[in-house]
Amino acid sequence: LQIAPSSIGEGMTHILHRQIHASLPVAAGGKGIELFDRNGRAYIDASGGAAVSCLGHGHPEVTAALHAQADKLAYAHTSFFTNEPAETLADKLVAGAPQGISHAYFVSGGSEAVEAAIKMARQFFVETGKPERRNVIARRQSYHGNTLGALAAGGNEWRRAQFRPLLIDTHHIDPCYAYRYQKAGESEAAYGLRAAQALEDKILQLGPDTVMAFVAEPVVGATAGAVPAVPGYFSRVREICDRYGVLLILDEVMCGMGRTGTLHACEQDGVAPDLMTIAKGLGGGYQPIGAVLLSRRIFDAFAEGSGFFQHGHTYMCHPMACAAALAVQEVIARDDLLANVRAMGAHLSRRLGERFGKHAHIGEIRGRGLFMGVELVEDRSTKAPFEPKRKLNAKIKREAMARGLLVYPAGGTIDGVRGDHVLLAPPFIIDAAAVDAVVERLGDAIDAAV
Ligand code: PMP
């Protein structure tokens, strides 16, 4: 399968795309793990869009649920009504949530969820008589969304720079990223505690009475390429948050809802947040939906205080979005697809190791479940990154598409840290033969690009 890269684009449109001059193929259909363009070319969706399409495309049970819901009720404003799909979905999410979570708040995507979680944290402290707690601590090399509040939380300087001053006072520390920050001779456990210590140091520097929340992705997605924290890091983070009365917000928009092999990624870190954001895989791309899962403590503060959460969107609790998410989550549970995520994740990790373990330009292969990152380096022995001007990620994306493969490359320079990686997040329904095809096509694309 060889398609000249120049034949992939189909010309300019009247849509303002992310890249002004993007010339993109027109997506015309999707079935299972594949997407098809208007010219009938098939692409294995090994990025699940952006870790969204967990159930693949065109799933008949989800589309049937959507049709049925459209026939019954498409929209009812939340100031007048609640609705059945939203109520059932909330019951399900709370039942499967980490300890302490008592309610779900539905929005239309990841940024809205992060935005709402930050406002919940702020209102929590206003309601409980501590309005001076306004600072947020987050991590460099993180992405929490593109709306102004979520953008303030994220550490991706390239995205933030031109929108300063940002709306929320956020202070960034390094993520837990053993490969980059572990010292020679330092054990993983010692490194994890040192990485968490940076949080305590920052809280003390700012003054504990001014800090509202610590926001973190359990497995760093788009900005770092599927980097999990070392064992012990998040339990220490939880202890530190509790010691200083700081709320822990875990952003599982990308790594959550089964992607890492457990329903929530934080289960593997043995930690429960005060607030958690989910989106992407929640609705599997069939409808835009996101949610904040909040703990009883936050709910009680609102209930005993003003009796309101001072927020709201026109499309919150959207019946179609909730019906789609319910259908997606029911199929995942019924077909035990998380077992497949774990099995195919192990297979993918093995195959990536075989293909790239000794590759001259691969620095690290990491991740959990079907959320894997492949890091690219100029020099394998020193791990020196490629020059950002090589625009490697754009080349890999193009070469992969030319081979009928969709992957999620990123890099260049993020937060002053140079490096490139490719993120893989295929649908949970992928089988071993398709995993093999993904690795083979990715290997060829990387070889062609570097
Ligand atoms: N948080 C994380 C961890 C994300 O990866 C993303 C999206 N990549 C967001 C928030 C924002 O989600 P959305 O694009 O749906 O607004």
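Everything numeric in this text was worked out from a predicted model, so none of it was measured. (Residues numbered from 1 in each chain as written. Predicted model: local features only at pLDDT ≥ 70, side-chain atom pairs only at ≥ 80, totals over all residues.)

A.B. asks: Could you clarify how one ought to interpret the sheet that holds strand β5 (residues 135–139) in this entry?
C.D. replies: Two strands in a sheet stick together by hydrogen bonds in their backbones, pointing the same way (parallel) or opposite ways (antiparallel). An order of β4-β12-β11-β10-β7-β5-β6 is seen for the seven strands of this open sheet, with the pairing classed as mixed. Each end of this open sheet is capped by a strand with a single partner; those strands are β4 (101–107) and β6 (170–173). On average, each strand axis in the sheet is inclined to that of its neighbour by 20°, with strand direction left out of account. Direction of pairing for strand β10 (residues 247–251) relative to strand β11 (residues 275–278): parallel, over a ladder of three bridges. Paired with Ile-249 across the strands is Leu-275, a residue of β11. (Pairing = 2+ DSSP bridges. Helix = DSSP H or I, 4+ residues; strand = E, 2+ residues; numbered from the N terminus. Axes fitted to C-alpha atoms, helices over the stretch in contact; angles between N-to-C directions.)

A.B. asks: Sorry if this is basic, but what is going on with the site of the ligand here?
C.D. replies: As a matter of local geometry, the ligand sits amid 15 residues, with Gly-109, Gly-110, Ser-111, Val-253 and Met-254 nearest to it. In terms of residue count, the dominant contributor to the shell around the ligand is helix α4 (residues 110–127) (three residues). Split by residue class, the shell around the ligand holds seven nonpolar, six polar and two charged. (Near = placed C-beta within 6 Å. Nonpolar A, V, L, I, M, F, W, Y, C, P; charged D, E, K, R; others polar.)

A.B. asks: I would appreciate a short explanation of the domain arrangement of the protein chain in the present structure.
C.D. replies: Accessible area lost upon the coming together of the parts is a frequently used measure of interface size. As assigned here, the protein chain comprises domain 1 (5–59 + 336–449) and domain 2 (73–334). Using only C-alpha atoms to locate each centre, domain 1 and domain 2 end up separated by 26 Å. Listed per partner, the contact involves 33 residues of domain 1 and 32 residues of domain 2. Listed by contribution, the elements that provide at least two residues to the side of domain 1 that touches domain 2 are α1 (48–51), α12 (337–356), β13 (362–368), β14 (371–376), β16 (408–414) and β17 (417–424). Considering each element in turn, the side of domain 1 that touches domain 2 owes the most residues, five residues, to α12. Here the residues of the side of domain 1 that touches domain 2 sort into 18 nonpolar, nine polar and six charged. (Domains from an automatic or database assignment. Contact = placed C-beta atoms within 7 Å.)

A.B. asks: What exactly am I supposed to notice about helix α3 (residues 84–95) here?
C.D. replies: Each α-helix winds once per 3.6 residues, and so residues spaced three or four apart point in a common direction. When the terminal C-alpha atoms of α3 are compared, their 17 Å separation across twelve residues agrees well with the 16 Å that a helix rising 1.5 Å per residue should span. Along α3, the positions that sit buried rather than exposed are Pro-85, Ala-86, Leu-89 and Leu-93. For α3, the arc enclosing every buried residue in end-on projection is 95°, short of the 170-degree limit, so these residues lie on one face. In α3, the exposed residues that point more than 90 degrees away from the buried face are Asp-91 and Ala-95. On its buried face, α3 sits against α2 (60–72), β4, β12 (290–295) and α11 (319–334). (Expected span 1.5 Å × (residues − 1). Buried ≥ 20, exposed ≤ 12 C-beta atoms within 10 Å, placed from the backbone. Arc of directions from axis to C-beta.)

A.B. asks: How should I be thinking about the sheet that holds β16 in this particular structure?
C.D. replies: Read from one edge of the open sheet, four strands run β13-β14-β17-β16, paired in antiparallel fashion. Lying at the two open borders of the sheet, with one neighbouring strand each, are β13 and β16. Here the average twist between neighbouring strands, direction ignored, is 20°. Its contacts with the sheet place α12 against β13, β14 and β17, and it is angled at close to 175° to β13. Of the strands in this sheet, β14, β16 and β17 touch helix α13 (residues 392–402), which is tilted by about 170° from β16.

A.B. asks: I keep staring at the nonpolar core and nothing clicks. Help me out?
C.D. replies: Within soluble globular proteins, side chains that are nonpolar generally end up buried alongside one another. Ala-121, Phe-214, Ala-291 and Leu-405 are the most contacted members of the largest nonpolar core, which has 142 residues in total. When residues in this core are grouped by element, the largest group, eleven residues, is from α11. The residues that make up this core include at least three from each of domain 1 (5–59 + 336–449) and domain 2 (73–334). Leu-405 has contacts with Tyr-43, Ile-44, Ala-46, Ala-400, Val-438, Arg-441, Leu-442 and Ala-445, leaving out every residue within four places of it along the chain. (Core = buried A, V, L, I, M, F, W, Y, C linked by C-beta atoms within 7 Å.)

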